[in-house]
Amino acid sequence: MKIIKSISTFCVGLIFAGASAFAITADEVLEKYEALPIPLTSSAEITVELYNGAGKLEESRNVLQYGNHKNDLINTVFDFKGPASSKYVKTRVWQSEKSNKSDDKFVFEPSIGTVRRVNTTGRGKSFLGMDLTYNDMTIRSRTDDENTMINDNESVTVAGKSYKTYKIKSVPVKNKNVEYAYRIQYINRDTYLPVMIEYYTKQDKLIKTLSVESVTTINGKYLLRDVQTMTNAKTGHKTTVRVKVPSVKFDSQLDDKYFSQNWLQTGK
């Protein structure tokens with residue numbers, strides 16, 4: 001279900017030194033990422049773990065995920081089953097594959113008793129006390145950002161594993177209601193999947209880091225990021241999302257009811 005400081009001068013130097021220095025552009029890399037296959041339907045059991053700055057587990061949440069991909073729309077639903085702090089919360093995210101279309105997010109909270117739409121100004125806020133925001137629930141299109149290749153052979157280590165990556169700076173130019181000024185993406189040269197993403201302020205201060213700790217191939221073609229951790233740079237608090245791989249079902253029959261507003265509110 002991603003620590004560098006003061007890189008701006010470096011980036012400018014690269015641009016004026018010649019954008020043709022790299023054999024592949026940032027947008028070409030991201031285009032390959034966006035071309036990776038995704039299933040028509042998906043369902044899975046997920047564990048969401050919240051850790052404090054000292055690394056102690058604060059809470060573990062059980063979540064069911066449902067997804068479908070049809071009519072140029074990607075729908076994803078998360079159904080929180082417990083503990084009490086999140087039980088019965090459901091959220092639905094849909095996004096269009098067309099670059100000129102925006103996404104939409106809806107959430108049902110028992111305390112409110114109805115489904116509400118998450119407005120654009122609220123999407124940069126923490127979701128249920130996690131280090132993830134509503135914005136983190138969707139994938140930004142490469143055309144939403146201005147993308148610059150910083151290094152086409154950057155070495156990074158994530159969860160004890162070493163990778164050769166494309167290091168790309170992405171600055172929002174569309175859909176700017178995000179909680180960061182730019183991202184540094186580390187894209188695996190072999191798979192074109194991000195293995196780490198860093199989020200920065202305008203002052204080049206690190207906000208948070210997303211680390212992809214495990215990837216599993218499903219059905220011989222789908223790359224599932226089954227363990228991911230978002231870490232708050234200021235507090236050290238982190239949220240780890242673990243997909244229970246044996247529970248994953250891709251391209252199986254799935255009832256459309258899971259993607260209706262009625263199901264969000266009633267569970268039926």
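Read on for an overview of the structure. For every chain, the first residue of the written sequence is number 1, and numbering continues from 1 onward in sequence order. Per-residue local features are limited, in this predicted model, to residues with pLDDT of at least 70; the limit for side-chain atom pairs, both in listing and counting, is 80 or more; totals at the level of whole chains, interfaces and linings are taken over all residues. Working from all heavy atoms in the structure, the side-chain values ignore hydrogens and water.

Working definition: helices are DSSP H or I runs of at least four residues, strands are E runs of at least two. Numbering for both runs from the N terminus. Assigned secondary structure in the chain consists of three helices and 14 strands. Across the 268 residues of the chain, 49% fall into the buried class. Using a 1.4 Å probe, the Shrake-Rupley method yields the accessible areas, and only the shown protein chains count as cover for residues. As displayed, the chain has an accessible area near 13,600 Å², and 50% of this comes from carbon and sulfur atoms. Type-normalised accessible area, obtained with a 1.4 Å probe on protein chains alone, sets the label of each residue: buried when under 20%, exposed when over 50%, and partly exposed for intermediate values.

Turning our attention to helix α2 (residues 26–34). Taken residue by residue, α2 has Ala26, Val29, Leu30 and Tyr33 as its buried positions. Projected onto a plane normal to the axis of α2, the buried residues spread over an arc of 95° and lie on a single side. Working definition: the arc comes from the directions between the helix axis and the C-beta atoms, pointing outward to the latter.

Tracing the backbone shows Tyr182 in strand β9 (residues 182–188). Owing to a relative accessible area of 5%, Tyr182 belongs among the buried residues under this scheme. Along the chain, Tyr182 and Val171 lie eleven residues apart, while their C-alpha atoms are 4.5 Å from each other. Identification of polar contacts relies on pairs of N or O atoms within 3.5 Å, with a donor-acceptor requirement for protein atoms, meaning one able to donate a hydrogen and the other able to accept it, and with residues adjacent in sequence counted only if both atoms are side-chain atoms. Within the structure, Tyr182 has its side chain in polar contact with the side chain of Asp204 (distance 2.8 Å).

Before going further, it helps to examine the pairing of strand β8 (residues 161–172). Pairing of strand β7 (residues 145–158) with β8, which is carried by eleven bridges, proceeds in the antiparallel orientation. Paired with Thr157 across the two strands is Ser162, which belongs to β8. Hairpin connection of β7 to β8: two residues between the antiparallel strands, including Ala159 at a positive phi of 50°. A pair of strands is treated as paired once DSSP finds two or more bridges between them. Note: β8 against β9, six bridges, orientation antiparallel. By the bridge assignment for β9, Lys167 is matched with Tyr186.

With that settled, consider unusual backbone geometry. A cis amide bond, omega 5°, links Gly82 with the succeeding residue Pro83. Tracing the backbone shows Pro83 in the loop between β3 (73–82) and β4 (90–96). Of note in the backbone geometry, Asp72 takes a positive phi value of approximately 65° without being a glycine. In this fold, Asp72 is placed in the loop between β2 (57–70) and β3. For Tyr88, which is not glycine, the phi torsion reads 75° and is therefore positive. For Tyr88, the location among the structural elements is in the loop between β3 and β4.

Turning our eyes to something else, we now look at the pattern of salt bridges. The term salt bridge refers to a side-chain nitrogen of Lys or Arg lying within 4 Å of a carboxyl oxygen of Asp or Glu. In this structure the tally under the stated criterion is eleven salt bridges. Put simply, Glu59 and Arg61 hold a salt bridge, and the shortest N to O gap is 2.6 Å. For Arg61, a relative accessible area of 5% puts it in the buried group. The shortest N-O distance in the salt bridge between Arg183 and Asp145 comes to 2.6 Å. With Arg183 in strand β9 and Asp145 in strand β7, this pair connects stretches of sequence that are 38 residues apart. Just as Arg183 is buried, Asp145 falls in that class too. Three or more residues are tied together by salt bridges with common partners; here these are Glu31, Glu34 and Arg142.

What follows deals with the packing of aromatic side chains. In this scheme Phe, Tyr and Trp rings, the latter by its six-membered ring, pair at centre separations within 6.5 Å, and the angle between planes marks the pair as stacked below 30 degrees, edge-to-face above 60, and tilted otherwise. Taken as a whole and judged by the stated rule, the model has nine aromatic pairs. With a centroid separation of 5.7 Å and 65° between ring planes, the pair formed by Phe80 and Phe127 is classed as edge-to-face. One end of the pair, Phe80, is in strand β3; the other, Phe127, is in the loop between β6 (114–117) and β7, and 47 residues separate them in sequence. This pair shows no difference in class: Phe80 is buried, exactly as Phe127 is. Where Tyr166 meets Tyr192, the ring centres are 6.1 Å apart and the plane angle is 15°; that geometry is what we call stacked.

Attention shifts here to the pairing of strand β11 (residues 206–218). Examined bridge by bridge, strand β10 (residues 194–200) and β11 share five bridges and lie antiparallel to one another. Pairing of Tyr200 across the sheet is with Leu206, part of β11. With antiparallel pairing between neighbouring strands as the criterion, β10 and β11 make up a hairpin whose turn holds five residues, including Asp204 at a positive phi of roughly 65°. Bridge count for β11 against strand β12 (residues 222–232) is ten bridges, and the pairing is antiparallel. The residue bridging Ser211 from the neighbouring strand is Thr229, located in β12.

Nothing here speaks to function; it is geometry throughout.
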